[in-house]
Amino acid sequence: MAEIIDGKSVAAEVVEGVKKSAATLATHGVKPGLAVVIVGEDPASQVYVANKSRTAKECGFHSVQHTLAAETSEADLVALVEKLNADPAIHGILVQLPLPGHIDAGKIIQTIAPDKDVDGFHFINVGKLATGELDTALVPCTPFGSMLLIERKHGKDLSGLNAVVVGRSNIVGKPMANLLLAANATVTIAHSRTKDLPALCRTADILVAAVGRPEMVKGDWVKPGATVIDVGINRIPLPDKGEGKSRLVGDVEFASAEKSAGAITPVPGGVGPMTIAMLMANTLVSAYRHAGLEQPGF
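Residues numbered from 1 in each chain as written. Predicted model: local features only at pLDDT ≥ 70, side-chain atom pairs only at ≥ 80, totals over all residues. Heavy atoms only, no water.

Student: What is the right way to look at the overall build of the protein chain in this model?
Tutor: When you go through the protein chain residue by residue, the secondary structure sums to 10 helices and 11 strands. Relative to the compact-globule value of 19 Å for 298 residues, the protein chain shows a C-alpha radius of gyration of 19 Å, a close match. Taking the principal axes of its C-alpha atoms as reference, the protein chain extends roughly 50 × 45 × 30 Å. Among the 298 residues that make up the protein chain, the fraction classed as buried is 49%. Partitioning the contacts of the protein chain with sequence separation of at least 6, the portion at a separation of at least 24 is 68%. Accessible surface, the protein chain as shown: approximately 13,600 Å² in total, 54% of it carbon and sulfur. (Helix = DSSP H or I, 4+ residues; strand = E, 2+ residues; numbered from the N terminus. Rg over C-alpha atoms; globule rule 2.2 N^0.38 Å. Buried < 20%, exposed > 50% of the residue type's maximum accessible area, 1.4 Å probe, protein only. Contact = heavy atoms within 4.5 Å. Areas by Shrake-Rupley, 256 points an atom, 1.4 Å probe, with all protein chains shown as cover.)

This is how it looks when you write it as structure tokens:
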């Protein structure tokens, strides 16, 4: 049976490291500042934002939350972001997605100052990651966290290993592939139009599933001994358990995959906790850079 990769414990280690580095930064008179902006009352977004704000306070950050009405205009949101860009006490800005339909999310993301873009979605950070400029980029949190879990298993140099990323989103799939390339893995990006996807997955020493389809990747798609990183978070109904009952599953069929894999992330408890931890790490790194100090590693 596969080793279960405990994202909760690794995330806790990262947060502990962030706390210590934030305390060191405080001796230089700098307190990392994170501003989270939420528009509307989407219940899932409310939970995510509360978790992010709570963890930021736990890390000793200056934590600011702006909760705006769903009818807030795009112009007003742009004005708020520009105000945060200019605030020297704020080192990280996160605008929670999705945004209401009348607001262009792409425009808002590109309004965030690249050096405060702790989600790593600005074109400047995307370009830096794609060209290997990792020392000055801010990397999207979920791929960043996934990469840390891979490094714990295989080290930082992935030379000679084949990696397959199932999913080509701008948020996970593409940045994940770029991180794996930067670590010298041989990388294939697969997607809905890939021919014979199961056979391709079976070539992977490292298999990353980030496609958003519940339990799509089956156990017989997994090469014996492979490391499987399941980025998916899908809620599926359980009508036999009662009305409204459901459970969380990943993009990988865990029960069958763990029989083949050498190591695998569970859902929940795998990649999920890493995402918030790496958001804290990005905010800390941004604060160090703004202070002109050598940034910590993770």
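Student: I'm lost on the sheet that holds strand β6 (residues 186–190) in this one. Help?
Tutor: Backbone hydrogen bonds hold the strands of a sheet together, and the pairing may be parallel or antiparallel. Taken together, six strands build an open sheet; the order of strands is β1-β11-β8-β7-β5-β6 and the sheet is parallel. Sheet topology places β1 (3–4) and β6 at the edges, where each strand pairs with a single neighbour. Sheet topology note: the strand β8 (residues 227–230)/strand β11 (residues 263–264) ladder contains two bridges and is parallel. Along β11, the bridge assignment pairs Val228 with Ile264. Helix-sheet contacts for helix α7 (residues 173–182) involve β5 (162–166), β6 and β7 (206–209), and the interaxial angle to β5 is about 170 degrees. (Pairing = 2+ DSSP bridges. Axes fitted to C-alpha atoms, helices over the stretch in contact; angles between N-to-C directions.)

Student: Please explain the sheet that holds strand β3 (residues 62–68) as it appears in this structure.
Tutor: Strands sit in the order β3-β2-β4 across an open sheet of three strands; the sheet is parallel. Single-partner strands in this sheet number two, and they are β3 and β4 (92–95). Adjacent strand axes in the sheet meet at a mean angle of 15 degrees when their direction is disregarded. Pairing geometry for strand β2 (residues 33–39) and β4, over four bridges, is parallel. Bridged to Val36 within β4 is Leu94. Contacts from helix α2 (residues 43–58) reach β2, β3 and β4 within the one sheet, and its direction differs from that of β2 by about 170 degrees. Where helix α10 (residues 271–290) meets the sheet, its contacts fall on β2 and β4, and the angle it forms with β2 comes to roughly 130 degrees.

Student: Teacher, can you tell me more about the side chain of His122 here?
Tutor: Following the sequence through the fold, His122 ends up in the loop between α4 (105–111) and α5 (123–130). Discounting chain neighbours no more than four positions away, the residues touching His122 are Ile109, Gln110, Ile112, Pro114 and Asp117.

Student: Mind showing me how you'd approach the environment of Ala177 here?
Tutor: Residue placement: Ala177 occurs in helix α7. Classification of Ala177 by relative accessible area gives buried; the value is 4%. Once the C-alpha coordinates of Ala177 and Asn125 are considered, the two residues, 52 residues apart in sequence, prove to be 15 Å apart. In this structure, Ala177 is in contact with Val165, Val187 and Ile189, ignoring residues within four places of it in sequence.

Student: Where do I start with the nonpolar core in this structure?
Tutor: Burial of nonpolar side chains together is a common tendency in soluble globular proteins. Among the nonpolar cores identified, the biggest contains 53 residues, and Phe61, Ile150, Leu158, Leu180, Val208 and Met280 are the most heavily contacted of them. Elements with a minimum of two residues in this core: α1 (7–26), β2, α2, α6 (141–154), β5, α7, β7 and α10. Ranked by residues supplied to this core, first place goes to α10 with 11 residues. For Leu180, the contacting residues outside a window of four places in its chain are Met147, Ile150, Leu158, Ala163, Val165, Ala185, Val187 and Val208. Leu197, Ala204, Val222 and Ile264 belong to the second-largest nonpolar core, a separate cluster that totals 19 residues. (Core = buried A, V, L, I, M, F, W, Y, C linked by side-chain atoms within 4.5 Å.)

Coordinates in, geometry out; function isn't part of it.
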